[in-house]
Amino acid sequence: MKRLFVALWVLLEAGPAFAQATAAKPPLEASAKAAPEPDAKDSEFPPEVQRALDALVRADLKQGPTAGLSVGVMRGGQRWMNGYGYRDLAKKLPATVRTTYRMASITKSFTAVAVMQLAQAGKLDLDADIHTLVPEYPVKQWPVTVRQLLGHLGGVPTYDSPSAGNNTKPVTTKEAIGLFADRPLVSEPGTRYLYTTWGFNLLGAAVETASGQSYREYLRDHVFGPANMSHADVDEISTRDAQQAVGYRVSGATLKPSRFLDVTSRFAGGGTRATVEDLLGFARAVLDHKLVSRETMGRMQATMVTRDGHITDYGMGFATYPLRGHYIVAHAGGQPETTTLLVLLPAEDTAIALATNVEDEAKRLRRLSIRLMETVLDEGAPARGGHFTDPVDAVVYEGMGRLASYGLAYHDWATRGPGTLPPETDLAGAFAKVSSLFDRAAIARDGRGAMERIRGAHEPRAESLFIRVGAHMAATVEKAMGAERLRAYRTQGAAGFFADYLSACETLKCPEAERFSPSVRSDVARFVAGWRRAEVPALKRTRLEAMKDPERLWPSLKEAAVRAPAVRPDYTDELLTLADRAKRKPVDRMRWLERATELHPESMDAHLARAVGLMEADREPEAIPHVREAFETPEGSLVLSPTGFLKRLLDTRSPKVARGLLRAAVTLHPDAPELWDALAKRERALGDAGAAKAALAQAKRARQARAAQEARAPKAQPGVVAPAGSAPAQDKAGSTSPTVPVDPESAPEP
């Protein structure tokens, strides 16, 4: 259930080894001294919280090559910032909170704020055709509006080859637009989400037209200045100072310098630089509505929707989605020299800023952001999913988990943030429809179809059922038990939320129609009882990998599984983290991977991780069955589509692991030419010309079979949008393209 923010293509080889990054770590005092004085209203977190934040960052950085990392955390008036490692390995210059990093795609959030400021001032119409604001962008086959561009719904293409984004010379705004102006739209605006930096370049040009200022001048006067972002600027050689981080990329176990990229060609989509303190300044201004009004920010934080009712998990310049009951507003960035992440929790007045001078570190920053969030908001208590041996139970609990996450997040966002809820109509009917989605007999007949319906039950095309029902449940629990009770379900599981709601209904005398079906109530009671029987007391308030001696708890985990074999907390993520930490000890690593599948044999993530571990150990034949096991889980049957496999390759640095995953993928999807094509490229790159030729032949046959199938299919009428499910399987972002883009950023699932 993990979707990752992904960085850009990495290039050039040469430079110092990992030993340079780990030897003689700079003292933390250097970081503190380099930091500017905080705002007068800010204070520090309590010492124990600071120690916990520092410890978890240090523990994470031990897992692999790293150069420099700067971290900032803010909650209300409390702030903590620190730097780790080196901004320049060769010169042994430490990374601090003052270190300046390329912001990459976080720039899109700055651009979006600029656009919305101008819209508020009446200088720009969100529904204007972009051609009227940027005349050098030709009229296309359909009009493209500013609003659509803000949400990546404009059909403007993204980089269509590695060379398309690899500019090395400074360009003007007009020249940057000219790099893609002649390319046609790839889809009708409003019908498909397609993440595109080029689309945001159009918005940057529109800012210049509407304001009469250059993009740089406008940001400095209206975004960076008001947000106290004293070191932020466009990223040009002339604007860099002595604190600018030198960029690196991972090559095996070493770090090598990044290839030079001039980012003026992606100015409004990825062309700024800043410090983590600047990012916290931006976050503070956003959370306090200093840059745009509360109403405008609420619109920016609301996810956009495709014409056929699919949520995109992206608003206007921000990714936006629920995560474990939190309402997340975020943006990631990745390009040569950098990986960045800014996470805002508007309902909880919290922000997390992360920046590193190592490329392709999206997975690390996402993992760190979640751990930091747990520490600051949940006192370090981990959020765990549920483990189920019965596939029907697994689907029911998936639905409960998604409903709880959407309901709690949207309730908080609408009551304590700038958000709004979908209009409420026929609440009793909505509860009846949710009970129908959780019907055990229907799930048993068609588990995949049931999972698909559950995974779409928050969307407008499904009447926003999970949002409406979940938010009503959250409001009911808050009324009966208090707001603090809503914080508990991140660690108690979704069934606890349902149980408390039913208890609150007894107190408040809810109508019977709002209490779910008897079958759902029975499942809730059974899930809660199993969860309680299986809890390990030592792990109720901490994660397994945070224990000094996690080995001693393994017997307790096995005993808990025996006590509650059918329903229990899922420790997969923690077991896999321990495996990651043991990368330099292959025996220990494999032991934790084996334990993950032993304790959670129905876990997609556990089987995939074990498969990767076996491939890394040159035991590919043993790995293939685990990929198949992962695919046969209720989640895997949906997530591990051809597009899903291709997206996972973006997070796979090892060529032989990528080849192994593709070899497994084509056994599951032999009719997917895109997988065979990708496999052919991997085989060729690894020197097996015969296997590459065979894969290309299979790709040709699969392509011919697909063409024949499409020829037999009924033709769509012009202007008619195909119903959901009639097109090739969509990934969560709405893309059906088998092509892996250069600069994608995907929101994690709830």
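Residues numbered from 1 in each chain as written. Predicted model: local features only at pLDDT ≥ 70, side-chain atom pairs only at ≥ 80, totals over all residues. Heavy atoms only, no water.

### Considerations on helix H3 (residues 47–61)
And then number 1: With 15 residues, H3 ought to run about 21 Å at 1.5 Å a step, and its terminal C-alpha atoms sit 21 Å apart, in line with that.
And then number 2: Inspection of H3 places Val49, Leu53, Asp54, Leu56, Val57, Asp60 and Leu61 among the buried residues, and these make up the whole buried set. Viewed along the axis of H3, the buried residues span an arc of 165°, placing them on a single side of the element. Turned more than 90 degrees away from the buried face of H3 sit Pro47 and Arg51, all of them exposed. (Helix = DSSP H or I, 4+ residues; strand = E, 2+ residues; numbered from the N terminus. Expected span 1.5 Å × (residues − 1). Buried < 20%, exposed > 50% of the residue type's maximum accessible area, 1.4 Å probe, protein only. Arc of directions from axis to C-beta.)

### Concerning helix H15 (residues 427–437)
And then number 1: Burial in H15 covers these residues: Leu427, Gly429, Ala430, Phe431, Val434, Ser435 and Leu437.
And then number 2: Among the structural elements, helix H14 (391–416), helix H16 (440–445), helix H17 (447–455), helix H18 (465–481), helix H20 (494–508) and helix H21 (518–534) are those in contact with the buried residues of H15. (Contact = heavy atoms within 4.5 Å.)

### Some points on the side chain of threonine 145
And then number 1: Secondary-structure assignment places threonine 145 in the loop between helix H5 (130–133) and helix H6 (146–150).
And then number 2: Those residues in contact with threonine 145 that lie beyond four places of it in its chain are Leu126, Asp127 and Ala128.

### A few points about the nonpolar core
The nonpolar side chains of a soluble globular protein tend to be buried with one another.
And then number 1: Formed by 113 residues in total, the largest nonpolar core has its most connected members in Val57, Tyr137 and Phe282.
And then number 2: The residues contacting valine 57, other than those within four sequence positions of it, are Leu69, Val71, Trp80, Tyr84, Leu368 and Leu372.
And then number 3: With 54 residues, the next largest nonpolar core counts Leu544, Trp554, Ala630 and Leu661 among its residues. (Core = buried A, V, L, I, M, F, W, Y, C linked by side-chain atoms within 4.5 Å.)

### Re the packing of aromatic side chains
And then number 1: The final tally for this structure, using the stated rule, is 23 aromatic pairs.
And then number 2: Relative to tryptophan 198, the ring of tyrosine 159 lies with its centre 5.4 Å away and its plane at 80°, an arrangement referred to as edge-to-face. Placement of tyrosine 159 in the loop between H6 and helix H7 (173–178) and of tryptophan 198 in helix H8 (residues 197–211) is noted, with a sequence separation of 39 residues between them.
And then number 3: Looking at tryptophan 198, the relative accessible area reads 2%, which means it is buried.
And then number 4: Through pairs of rings, three or more aromatic residues link up here, namely Phe431, Phe438, Phe466, Tyr489, Phe497, Phe498, Tyr501 and Phe516.
And then number 5: Between lysine 140 and the ring centre of tyrosine 137, over which it is positioned, the NZ or CZ distance is 4.9 Å.
And then number 6: Directly above the aromatic system of tryptophan 592 lies the positively charged group of arginine 595, at a separation of 4.7 Å from the ring centroid. (Phe/Tyr/Trp six-rings, centres within 6.5 Å; stacked < 30°, edge-to-face > 60°. Lys NZ or Arg CZ within 6 Å of the ring centre and 35° of its normal.)

### Some points on the sheet that holds strand S5 (residues 101–102)
And then number 1: As summarised here, the arrangement of the three strands in space is S5-S9-S6, forming an open sheet in which the pairing is antiparallel. The two strands at the open ends of the sheet, each matched to only one other strand, are S5 and strand S6 (233–234).
And then number 2: Strand direction decides the pairing type here: S5 and strand S9 (residues 272–274), joined by two bridges, are antiparallel. Of the residues in S9, the one forming a bridge with tyrosine 101 is alanine 274. (Pairing = 2+ DSSP bridges.)

### Examining the confidence of the model for the protein chain
And then number 1: Confidence along the protein chain averages 88 in pLDDT terms, with 89% of residues attaining 70 or more.
And then number 2: Considering only residues more than four positions removed or in separate chains, one finds that residues 1–40, a stretch of pLDDT under 50, has 115 contacts.
And then number 3: Note on residues 716–750: pLDDT under 50 across the span, and 81 contacts to partners over four residues away in sequence or across chains. (pLDDT = per-residue confidence, 0-100.)

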